[in-house]
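# Structural description and commentary
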Amino acid sequence: MIIKKREIPLSILKLQALLRRLPKTHLKVPLLQENLAKRQSGYNGEKALDYPLSFLSEKDYYILHDLRLKDSGHYFQMDTLILNSNFLVIVEVKNISGTVYFDPVFHQLIRTKDGEETAFKDPISQLKRQELHLKNWLAKNDLPTLPILSLVVISNEKTIIRTADNYKDAAEKVLHADHLPNKLQQFEKMYQVKRLTGKQIKKACRLLKKADEPLQLSYLEQYDITYDELVKGVFCPSCQSHPMIRVYGSWNCPSCGNKDKDAHILALQDYILLIGTTITNRKLRDFLMIHSPNLATRLLQMLNLSSEGSTRDRIYSLNKKGLTPMS
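Everything quoted here is computed from the prediction, not taken from an experiment.

## Topic: the packing of aromatic side chains
Applying the stated criterion across every chain, the model contains 6 aromatic pairs. Taking the centre distance of 6.2 Å and the plane angle of 50° together, the rings of Phe-87 and Tyr-191 count as tilted. Of this pair, Phe-87 sits in the loop between strand 3 (74-83) and strand 4 (88-94) while Tyr-191 is found in the loop between helix 6 (180-190) and helix 7 (198-211), placing the two residues 104 residues apart along the sequence. Between Tyr-271 and Phe-287, the ring centres sit 5.3 Å apart and the planes meet at 80°, which makes this aromatic pair edge-to-face. With Tyr-271 in helix 9 (residues 263-274) and Phe-287 in helix 10 (residues 281-288), this residue pair connects regions lying 16 residues apart in the sequence. Classification of Phe-287 as buried rests on a relative accessible area of 1%. Feature note: the residues Tyr-61, Phe-87, Phe-187 and Tyr-191 constitute an aromatic cluster, connected by ring pairs. Against the face of Tyr-75 rests Arg-68, its NZ or CZ located 3.9 Å from the ring centre. Lying over the aromatic face of Tyr-227, Lys-232 brings its terminal NZ or CZ to 4.3 Å of the ring centre.

## Concerning the pairing of strand 6 (residues 108-113)
Both faces of the sheet carry side chains from a regular strand, because those side chains alternate between them. Relative to strand 6, strand 5 (residues 99-103) is paired through 5 bridges, and the arrangement is antiparallel. What sits directly across from Asp-103, in strand 6, is Gln-108. Between strand 5 and the antiparallel strand that follows it, strand 6, lie 4 residues; His-107 among them carries a positive phi value of about 50°. With 6 bridges joining them, strand 6 and strand 7 (residues 116-121) adopt antiparallel strand pairing. Bridging across to strand 7, Thr-112 finds its partner in Glu-117. Counting the residues between successive antiparallel strands, the hairpin from strand 6 to strand 7 contains 2 residues, one of them, Asp-114, with a positive phi of roughly 55°.

## Quick look at the pairing of strand 4
Counting buried positions along strand 4 yields 7 of 7 residues, so the element is predominantly enclosed. Neither face of strand 4 is left uncovered, since the one carrying Leu-88, Ile-90, Glu-92 and Lys-94 and the one carrying Val-89, Val-91 and Val-93 both have all their residues buried. Bridge analysis of strand 3 against strand 4 gives 4 bridges, and the strand direction is antiparallel. Paired with Leu-81 across the bridge in strand 4 is Ile-90. As judged from the 7 bridges shared by strand 4 and strand 8 (residues 148-154), these two strands associate in the parallel manner. Counted as the bridge partner of Lys-94 is Ile-154 from strand 8.

## Some details on the sheet that holds strand 6
In space, the 4 strands of this open sheet follow the order 7-6-5-9, with mixed pairing throughout. The open sheet is flanked by strand 7 and strand 9 (160-163), the only strands paired with a single partner. Strand-to-strand twist of the sheet, defined as the mean angle between neighbouring strand axes without regard to direction, takes the value 25°.

## A look at unusual backbone geometry
Residue Pro-243 is bonded to the preceding His-242 through a cis peptide linkage, with omega at -5°. Counting through the fold element by element, Pro-243 comes out in the loop between helix 8 (219-222) and strand 11 (245-247). Phi is positive for Asp-224, which is not a glycine, with a value near 55°. Among the structural elements, Asp-224 can be located in the loop between helix 8 and strand 11. Positioned with a positive phi, Gln-240 is a non-glycine residue whose angle comes to about 70°. Along the chain, Gln-240 falls in the loop between helix 8 and strand 11. Exposure remark for Gln-240: the relative accessible area of 44% places this residue in the partly exposed category.

## Considerations on the sheet that holds strand 10 (residues 174-176)
One open sheet accounts for 6 strands, arranged 1-2-3-4-8-10; its pairing is mixed. Both outer strands of the open sheet, strand 1 (2-4) and strand 10, are each paired with one neighbouring strand and no more. Across the sheet, the mean angle from the axis of one strand to that of its neighbour is 35°, orientation sign disregarded.

## Some points on the state of the cysteines
Summed over the entire model, instances satisfying the criterion amount to 0 disulfides. The structure places no disulfide on Cys-253, whose sulfur is separated from the nearest cysteine sulfur, that of Cys-239, by 3.6 Å. Judged by its relative accessible area of 4%, Cys-253 is buried. Lacking any disulfide linkage, Cys-256 is separated from the closest cysteine sulfur, that of Cys-236, by 3.7 Å. Look at Cys-256 and you get partly exposed, because its relative accessible area is 41%.

## Points about the packing of helix 9 against helix 10
To describe two helices that pack against each other, one gives the angle between their axes and the distance between the axes. Their axes nearest at 11 Å, the elements helix 9 and helix 10 cross at an angle of 110°. Between helix 9 and helix 10, the angle is such that the two are roughly perpendicular. Contacts between helix 9 and helix 10 involve His-264, Ala-267, Leu-268, Asp-270 and Tyr-271 from the former and Lys-283, Leu-284, Phe-287 and Leu-288 from the latter. Among the residues forming the contact of helix 9 with helix 10, the class breakdown is 6 nonpolar, 1 polar and 2 charged.

Calculation notes
- Residues numbered from 1 in each chain as written.
- Predicted model: local features only at pLDDT ≥ 70, side-chain atom pairs only at ≥ 80, totals over all residues.
- Heavy atoms only, no water.
- Phe/Tyr/Trp six-rings, centres within 6.5 Å; stacked < 30°, edge-to-face > 60°.
- Helix = DSSP H or I, 4+ residues; strand = E, 2+ residues; numbered from the N terminus.
- Buried < 20%, exposed > 50% of the residue type's maximum accessible area, 1.4 Å probe, protein only.
- Lys NZ or Arg CZ within 6 Å of the ring centre and 35° of its normal.
- Pairing = 2+ DSSP bridges.
- Axes fitted to C-alpha atoms, helices over the stretch in contact; angles between N-to-C directions.
- Disulfide = S-S within 2.5 Å.
- Parallel < 35°, antiparallel > 145°, perpendicular 65-115°, else oblique.
- Contact = heavy atoms within 4.5 Å.
- Nonpolar A, V, L, I, M, F, W, Y, C, P; charged D, E, K, R; others polar.

Rendered as structure tokens:
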């Protein structure tokens, strides 16, 4: 049973919005495109896990994707957490092509592709830290102790996996995605003692989902980009030209002639991703490139947003289902 579904990561949505809102000639565009490609590759790898997970019994397995929890001041993030009444499994997904070698001496992952070697952080060491964090988190939330296992899942079926003959951790923990159901069957045979009741599993799922804290980063700050460098205005949903012009209750595109009453919603989603979840009449006018305070007020009122402050200095909250990019 999927308790927390997989969603497009905020990091991808924010990078996409930033690339939309920067001039194509901006010096940071190549770096942003490179980082977006890496994020999308990772997300595609995680999605590749969905098929093998679909073979698991919904009454025996509970699945939470993309969990970020806090343990004693430190955050730890898990691609996927699988709960069973007898054990827990942390899954770290790697979408890496070529040949990968798990080095037991220097604790690194080495990828060889097209004759070039690239070193990555050791996912096995990472999983061991996550196991410890999760054990502490469960104890602090008054949940029973049970075996916590972990796996490194290689999502690309063509990737060749290698390691030293005596590296037991790699032999036990690393596998291709299509082998995941078989591995879980092995765990079922190894751990046959029931540790959690159905009620306790539901409590654990509820607490885990509630405790999830997605990483919130300002990508303008991270990439040292100012608000003034952003391209303002409402983009045409059909041809991506900008700015559209508001005429008689509709946004009109001067380039392709498209008309859309709600094109400003997409612009506000970019604003949320890049600027924040509160906005004023003045900020709305600046970002949408409109001049009329009355028009800005009408657009805000049409969204039925909660607000606070006097009429002149009113601050509107953009935290509304259907408006925020992840809703």
